[in-house]
Amino acid sequence: MRLSSYFLPVLKENPAEAQIVSHRLMLRAGMIRQQAAGIYSWLPLGYRVLRRIEEIVHEEQIRAGHIPMLMPTLQPADLWRESGRYDDYGEEMLRIKDRHGRDMLYGPTNEEMITDIFRSHVSSYKDLPLTLYHIQWKFRDEIRPRFGVMRGREFLMKDGYNFDVDKDAAIHAYNRHMVSYLRTYERMGLKAIPMRAASGPIGGDNTHEFLVLASTGESEVFYDSAVTDLTLGNRDVNYSDRDQVKAICEEFTAPYARTDETHDPEIFDKIPEERRKVGRGIEVGQIFYFGTKYSEPMGAVVTTDKGERVPVHMGSHGIGVSRLLGAIIEASHDDNGIIWPEGVTPFHCGIVNLKQGDTSTDSACEALYAALAKKGLAPLYDDRDERAGAKFATMDLVGLPWRITVGPRGIAKHAVELTSRRTGESEEMSPEAAVARIAQIYGRT
Ligand code: ATP
Ligand code: MG
């Protein structure tokens with residue numbers, strides 16, 4: 001993408017309404033625009049990151065054997081009357097009447113709808129296990145939308161629902177979600193810690209929240225610092241191997257890690273003092289096993305191999321897709337702007353032309369642009385007629401992890417500069433070597 005023909009409305013001034021750094025940087029970098037309290041347009045740069053995050057979520061869900069689909073944002077109230085939640089949900093639910101006077105609502109979550117789909121089409125244990133998920137906009141009329149996309153009213157969520165014949169199978173689905181989430185967040189360059197959580201209005205007693213440690217997080221968290229050393233890495237996970245998946249969950253949940261809702265000072269105090277940490281965290285996901293809470297009242301029943309009719313065991317599992325942008329920025333920025341992890345960056349690298357209009361510099365930039373594109377990489381080329389300082393400031397603000405700087409003096413000796421956004425370190429090399437290095441970083445050799 002050439003910056004001269006892109007739409008990147010960066011702000012020079014700090015927007016007064018933004019209280020936390022991620023919100024400020026998303027506005028300044030021209031990623032989002034607020035349209036009403038807690039409701040945002042995703043401008044092109046923000047949209048690119050959002051899509052990248054969605055892609056990673058899809059890839060890891062499909063890898064775990066879960067099946068993508070898409071349910072609507074609007075739902076009939078009747079389904080929620082069946083489960084008993086229409087009245088319980090309260091003011092957070094946006095209720096709408098259509099022209100015929102029928103009660104509708106903008107979905108805050110989809111347990112009822114997915115249970116309805118299931119009961120209409122599945123009746124035998126032979127069709128289980130089954131996990132369906134979608135990535136769809138939700139609406140919750142939050143009393144205090146704030147912090148930009150972190151606590152919106154309209155927000156994008158991945159929500160998945162497992163259907164299993166018994167509790168053991170459903171717990172395996174729960175574990176599968178835990179492991180797939182660990183991998184999902186790691187690919188985004190995030191450390192998200194599964195913490196034992198309280199079940200809240202969705203119900204059930206088996207639940208973990210995934211928290212990204214950040215001083216601006218809304219949850220108070222208590223943990224053994226040993227938990228922050230764990231990584232899944234490139235382990236080969238066989239998602240149908242119950243024992244292996246369970247062992248990984250046990251490894252990641254062995255160190256103490258809880259939110260204030262489930263915190264137990266008696267256990268916590270037994271952790272060696274130097275490892276005992278109290279902090280704050282951003283909830284980027286949650287998994288639940290809730291048994292037959294919805295299948296029973298809604299009649300989602302299967303016939304077992306013994307011919308019995310039993311309500312299915314279910315769980316629901318969510319990832320805050322749009323909130324993740326804020327969480328990633330909270331975890332990865334400096335005074336000059338965002339620092340995107342390679343996994344989610346909107347462009348793979350930037351190209352800064354120090355002397356727009358100089359024939360040799362321009363053509364070196366064009367050649368770099370073409371060579372990167374040929375490797376399947378998407379550079380953002382700053383080809384505007386601007387001072388070098390302004391170009392660097394924009395690149396730092398939008399946070400691409402790598403920058404190639406091209407100027408007449410370097411080009412005279414066939415050299416460009418490759419700079420890491422994270423460390424600020426620069427290295428001089430030939431344009432070919434810079435392309436090869438970036439291709440290697442992104443595994444596109
Ligand atoms: P919270 O406690 O933050 O209100 P929740 O527990 O009500 O969230 P869930 O029902 O668990 O939310 O939804 C799954 C995920 O969706 C959450 O882990 C969170 O990352 C994200 N999420 C929930 N509410 C919002 C919101 N208002 N804005 C953005 N993301 C949200
Ligand atoms: Mg939650």
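The residue count restarts for each chain, going from 1 along the sequence in the order it is written. Just so you know, chain letters begin at A and ligand numbers begin at 1, following the order they were written in. Owing to the predicted nature of the model, reporting of local features is limited to residues with pLDDT of at least 70; listing and counting of side-chain atom pairs is limited to 80 or more, with chain, interface and lining totals taken over all residues. Side-chain numbers come from the whole structure's heavy atoms, not from hydrogens or water.

Now for the coordination of the magnesium ion (ligand 2). Here the magnesium ion (ligand 2) is held by E283 (OE) and Q286 (OE1), and the distances to it run 1.9 to 2.2 Å. Under the scheme applied here, a residue whose accessible area is under 20% of the maximum for its type counts as buried, over 50% as exposed, and between as partly exposed, the area being computed with a 1.4 Å probe on protein chains only. Exposure remark for E283: the relative accessible area of 25% places this residue in the partly exposed category. Residue classification places Q286 among the buried positions, given a relative accessible area of 14%. The rule for donors is simple: N, O or S, within 2.8 Å of the metal, or within 3.2 Å if the metal is Na, K or Ca. Water isn't counted, so a site may look like it is missing partners.

This part takes up the domain arrangement of the protein chain. Each assigned domain of the protein chain is listed with its residue range as follows: domain 1 (3–338) and domain 2 (349–441). As annotated, the domain borders come from an automatic or database domain assignment. Between domain 1 and domain 2, the C-alpha centre-to-centre distance is 37 Å. Here, residues are in contact when the closest pair of their heavy atoms is within 4.5 Å. Between domain 1 and domain 2, the contact holds 15 residues from the first and 13 residues from the second. By convention, the term buried area covers the 1.4 Å-probe accessible surface removed from two parts as they join, with the contributions of both added. Taking both sides of the interface into account, the surface hidden between domain 1 and domain 2 amounts to around 1,200 Å²; carbon and sulfur atoms contribute 59%. It is L3, N336 and I338 in domain 1 that bury the most area against domain 2; as a group they hold 45% of the surface buried on that side. Put simply, a salt bridge is a Lys or Arg side-chain nitrogen that is within 4 Å of an Asp or Glu carboxyl oxygen. Linking domain 1 to domain 2 there are one salt bridge. Two residues, D334 and R421, come together in a salt bridge whose shortest N-O distance is 2.8 Å.

Attention now moves to the nonpolar core. Among the nonpolar cores identified, the biggest contains 76 residues, and M31, I53, Y185, F210 and V284 are the most heavily contacted of them. When residues in this core are grouped by element, the largest group, seven residues, is from helix α6 (residues 167–187). Formed jointly, this core draws a minimum of three residues from each of two domains, domain 1 (3–338) and domain 2 (349–441). Working definition of a nonpolar core: buried Ala, Val, Leu, Ile, Met, Phe, Trp, Tyr and Cys residues. They are joined through side-chain atoms within 4.5 Å. To qualify as a helix, a DSSP run of H or I must reach at least 4 residues; to qualify as a strand, a run of E must reach at least 2; elements of each kind are numbered from the N terminus.

Right, let's get into the pairing of strand β16 (residues 313–320). Of all the eight residues making up β16, eight are buried; the element is thus mostly covered by neighbouring parts of the structure. Side chains H313, G315, H317 and I319 of β16 all project onto a buried face; the interleaved residues M314, S316, G318 and G320 project onto the opposite face, where all are buried too.

Applying the stated criterion to the full structure yields 27 salt bridges. The salt bridge involving R102 is made with D98; its shortest N-O contact spans 3.3 Å. On the basis of relative accessibility, which here comes to 24%, the residue D98 falls in the partly exposed class. Salt bridges linked by common partners bring E59, E60, R63, R183 and R187 together as one network.

Further remarks concern the environment of P44. The residue P44 is located in helix α2 (residues 44–63) in this model. Taking C-alpha positions, P44 is 36 Å from L79, a pair spaced 35 residues apart along the chain.

Another aspect to go through is the sheet that holds strand β19 (residues 349–353). Taking strand neighbours across the sheet as the criterion, the five strands line up as β20-β19-β21-β22-β23 in an open arrangement whose pairing is mixed. Pairing within the sheet leaves two strands with one partner each, and these edge strands are β20 (379–382) and β23 (426–429). Sheet twist, expressed as the average angle between the axes of neighbouring strands with direction ignored, equals 20 degrees. By the bridge criterion, four bridges tie β19 to β20 in an arrangement that is parallel. In the sheet register, I351 faces β20, and the bridge partner there is Y381. Two strands qualify as a pair provided that DSSP identifies no fewer than 2 bridges between them. Between the N-to-C directions of two axes lies an angle of 0 to 180 degrees, each axis being a line fitted to C-alpha atoms and, for a helix, fitted only over the stretch in contact.

Turning to the environment of Y442, a few remarks are in order. Here Y442 lies in the segment after α14 (431–441). Sequence spacing of Y442 and K375 is 67 residues, and the spatial spacing of their C-alpha atoms is 10.0 Å. Setting aside chain neighbours within four positions, we find Y442 in contact with E342, T345, H348, L377, P401 and W402.

As for its placement among the helices and strands, T262 is situated in the loop between β12 (257–259) and α8 (265–268). For T262, a relative accessible area of 17% gives the class buried. If near-sequence neighbours (up to four positions away) are discounted, T262 is found in contact with R196, A197 and A198.

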